[in-house]
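Overview (structure and organization)
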Number of protein chains: 2
Amino acid sequence: MTDFKEKYGQYAVVIGGAAGLGKATSYKLADNGLDLIVVDRSQEYLDQFRTSCAKDYPNCDVITIQGNLTDPNVMDKIFAVSDKKSVGFLSYVVAFHKFGKLQDLSFDEHLSILNVNVINFIKCMQHYVKIFAEQGHGGILNYSSLTGVTTSPYNAEYGAGKAYIKSITQAVAYEGEKEGIDAMVATLGVTLTPTELKNQPGGEAGAAVQKMGMTPEDTVDEIFENFGKVHSYYVGDHPKAQVKKWKTEMTEDEVAAYMGRFYE
Amino acid sequence: MTDFKEKYGQYAVVIGGAAGLGKATSYKLADNGLDLIVVDRSQEYLDQFRTSCAKDYPNCDVITIQGNLTDPNVMDKIFAVSDKKSVGFLSYVVAFHKFGKLQDLSFDEHLSILNVNVINFIKCMQHYVKIFAEQGHGGILNYSSLTGVTTSPYNAEYGAGKAYIKSITQAVAYEGEKEGIDAMVATLGVTLTPTELKNQPGGEAGAAVQKMGMTPEDTVDEIFENFGKVHSYYVGDHPKAQVKKWKTEMTEDEVAAYMGRFYE
């Protein structure tokens, strides 16, 4: 395996990094020898993370920052801490969604979701990509979702935000090739995180979703086996097969209808 | 052809509707019997539009609004006018881009682009989709780009915004089916608008781009032949063939590299 610390740098910034998929990402980075700057909206999750990480990775320096990504100014607080350290890795894990028809969410609700999935994401990317390009090394792992590939009726803002994240990360991955930056967008199907389990649809749709699910740990294991080798990566056998089918056998309208029926 | 006015409503709001692709869209809607509320950042384009439309469609009521979509408050000015009319159609044509590596644009520059391509877009959609759903009829035609399908290195914010617009419009198209709303996202290849001609790459890449181009009028003719029949529509033979090839024969990394080489 690549020596991450030598190749990318000392500290990894993980946004939404204290629980679920974020915790699995942070742990994997600690396992690869990096120190951590972990941002999470929950102080409780951060405290739990600090305790468990101290036990599991006693040599890992853990800096925690409480911050809610719906706040348009939150990144400044994060930059003020991280700019004093040598940062070589970024993972933007946090995501926000609200179910409902597009018009049933107010503009302020849309904007609140956009702050998490789009506006603070690009603010974060602009800041760290600049640092990584200047120092000539860095790694970026961002998360997208199949809903970003298909569209997501009744969850439109989330799906569109995930499409945005995927597109930006792919562009940076190409642009960064000549600057020592490895970037990957990992597109996930159903990941069995606390948020996911809470929001699954009921009945048969819920059962179907559950069956497709992967744990955060399996997700992250597969990602890190492929990190640095590919820019756009679909995680898991089922998502890979689904995307292939969507691209080759179905129209985009059929695919959108397939996704729409999950939350109807 | 569908009677647009009877099916969708009296006025069409066309954002960025006075020149290029926007003018072609406005003209096509006038040709289908709708009255127009045309928004553009250029008062000169608006004046020219008013003059030529009065000549070509003397029965069309044209309301013009000068507004720059980089302004986060511009939609309020538009709503104040359009809410006094019976609006049945929306077309969001305006788009903004700046070339350069992601980190070479400041966050404020990214935010300025986001205001046009994402934030004011969703504000606009939320407002009119709500009206259309309440009245039980409406049509929506939004524009995306192949760069929203592939990613767009050195033009990342634009490509990601176009991916966002495509995803949102597809979701609304599905959600709106039961509410009398027809929505389409038309994904364009190279369209020979004044902006496009100004921004083409030089040399062989520029010549290749030019050869693929379609006029705004041909673009809009093809779209309106398919409006109401399909939600996600690729305009032109060349884009249709490209997307098919990208989906079936190339990896996403290969497709991104293909797009990246245009502006390298």
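Residues numbered from 1 in each chain as written. Chains lettered and ligands numbered in written order. Predicted model: local features only at pLDDT ≥ 70, side-chain atom pairs only at ≥ 80, totals over all residues. Heavy atoms only, no water.

To be explicit about the condition: UniProt positions are given in the numbering used here, feature names are shortened, and annotations may be inferred rather than shown by experiment.
Where an unreviewed UniProt entry is consulted, chain A appears under the name SDR family NAD(P)-dependent oxidoreductase, with the organism given as Candidatus Gallilactobacillus intestinavium. The annotation that UniProt attaches to chain A under Sequence similarities (unreviewed entry) is "Belongs to the short-chain dehydrogenases/reductases (SDR) family."

1. Comments concerning the sheet that holds strand E6 (residues 181-188) of chain B
Residues and elements named next belong to chain B. The criterion, for reference: A pair of strands counts as paired when DSSP detects no fewer than two bridges linking them. Helix numbering and strand numbering both begin at the N terminus, where a helix is a DSSP run of H or I of at least 4 residues and a strand a DSSP run of E of at least 2. For helices, the fitted line uses only the C-alpha atoms of the stretch in contact; every axis is such a line through C-alpha atoms, and the angle between N-to-C directions lies from 0 to 180 degrees.
Taken together, 7 strands build an open sheet; the order of strands is E3-E2-E1-E4-E5-E6-E7 and the sheet is parallel. Each edge of the open sheet is held by one strand with a lone partner, namely strand E3 (62-66) and strand E7 (232-234). Looking at each pair of strands side by side, their axes are set apart by 15 degrees on average, direction ignored. Bridging between strand E4 (residues 87-92) and strand E5 (residues 138-145) involves 4 bridges; their strand directions are parallel.

2. Digging into the sheet that holds strand E3 (residues 62-66) of chain A
Residue and element names in this part refer to chain A. How we decide: In this analysis, two residues are considered to be in contact whenever any of their non-hydrogen atoms come within 4.5 Å of each other.
Taken in spatial order, the 7 strands line up as E3-E2-E1-E4-E5-E6-E7 in an open sheet, and their pairing is parallel. Of all the strands in the sheet, the pair left with one neighbour each is E3 and strand E7 (232-234). Averaged over neighbouring strand pairs, the angle between their axes works out to 15 degrees when direction is ignored. By the bridge criterion, 3 bridges tie strand E6 (residues 181-188) to E7 in an arrangement that is parallel. Counted as the bridge partner of Thr 187 is Tyr 234 from E7. In this fold helix H3 (residues 43-56) packs onto strand E2 (35-40) and E3, with an angle of close to 175 degrees to the strand it touches most, E3.

3. Looking at helix H7 (residues 156-176) of chain B
To keep things clear, this is the line we draw: Here, expected helix span is obtained from the residue count minus one, scaled by 1.5 Å. Exposure is judged per residue with a 1.4 Å probe applied to protein chains only, and the accessible area is read against the type maximum: over 50% gives exposed, under 20% gives buried, and values in between give partly exposed.
Compared with an ideal rise of 1.5 Å per residue, which puts 21 residues at 30 Å, H7 of chain B spans 30 Å between its outermost C-alpha atoms and is within 8% of the ideal. Of all the 21 residues making up H7 of chain B, 21 are buried; the element is thus mostly covered by neighbouring parts of the structure.

4. What about the environment of Phe 121 of chain A?
Residues and elements named next belong to chain A. With respect to the helices and strands, the residue Phe 121 is situated in helix H5 (residues 107-135). For Phe 121 and Val 93, which are 28 residues apart along the polypeptide, the C-alpha to C-alpha distance reads 9.8 Å. Not counting residues up to four positions away in its chain, the partners in contact with Phe 121 are Tyr 92, Asn 115, Val 116, Asn 142, Tyr 164, Ile 165, Ile 168 and Thr 169.

5. As for the interface of chain A and chain B
What counts, and what does not: The quantity reported as buried area is the accessible area (1.4 Å probe) lost by two parts once they are put together, taken as the sum for both. By definition here, a salt bridge exists when the distance from a side-chain nitrogen of Lys or Arg to a carboxyl oxygen of Asp or Glu is within 4 Å. Pairs of N or O atoms are called polar contacts if they sit within 3.5 Å, as long as, within protein, a hydrogen donor faces a hydrogen acceptor (for residues adjacent in sequence, only side-chain-to-side-chain pairs). We call Asp, Glu, Lys and Arg charged. Ala, Val, Leu, Ile, Met, Phe, Trp, Tyr, Cys and Pro are nonpolar, and the rest, Gly among them, are polar.
In this complex, chain A contributes 56 residues to the contact, which on the side of chain B involves 55 residues. Interface area, chain A with chain B, both sides summed: about 4,500 Å², of which 59% is carbon and sulfur. Of all residues in chain A, the largest losses of buried area upon contact with chain B belong to Gln 103, Tyr 174 and Glu 252 of chain A, amounting jointly to 16% of the total for that side. At the junction of chain A and chain B, the tally comes to 8 salt bridges. Ionic pairing is found between Lys 166 of chain A and Glu 252 of chain B, a salt bridge with its closest N-O pair at 2.6 Å. Our count for the chain A to chain B interface comes out at 36 residue pairs in polar contact (both at pLDDT 80 or more). Those elements that place two or more of their residues in the side of chain A that touches chain B are H5, helix H6 (146-150), helix H7 (156-176), E7, helix H11 (237-249) and helix H12 (252-260) of chain A. The biggest single contributor to the side of chain A that touches chain B is H7 of chain A, with 15 residues. Across the side of chain A that touches chain B, the residue classes tally to 25 nonpolar, 18 polar and 13 charged.

6. Comments concerning the packing of H11 of chain A against H12 of chain A
Working note: a packed helix pair is described by the angle between its axes plus the distance between those axes. All names here are of chain A. The criterion, for reference: Between 65 and 115 degrees an angle is taken as roughly perpendicular, under 35 as roughly parallel, over 145 as roughly antiparallel, and anywhere else as oblique.
For the pair H11 and H12, the least separation of the axes is 9 Å and the interaxial angle reads 140 degrees. As the angle between them shows, H11 and H12 are arranged oblique. Taken together, the residues of H12 that come into contact with H11 (itself represented by Gln 242, Trp 246 and Glu 249) are Glu 254, Val 255, Tyr 258 and Met 259.

7. Regarding the pattern of salt bridges
Any two side chains of opposite charge can pair, on the condition that their charged atoms come close. A full pass over the atoms with the stated rule returns 22 salt bridges over all chains. Between Lys 101 of chain A and Glu 179 of chain B there is a salt bridge, with its nearest N and O atoms 2.9 Å apart. Taken as a pair, Lys 101 of chain A in the loop between strand E4 (87-92) and H5 and Glu 179 of chain B in the loop between H7 and E6 lie in two separate chains rather than in one. On the accessibility criterion, Glu 179 of chain B (17% relative accessible area) is buried.

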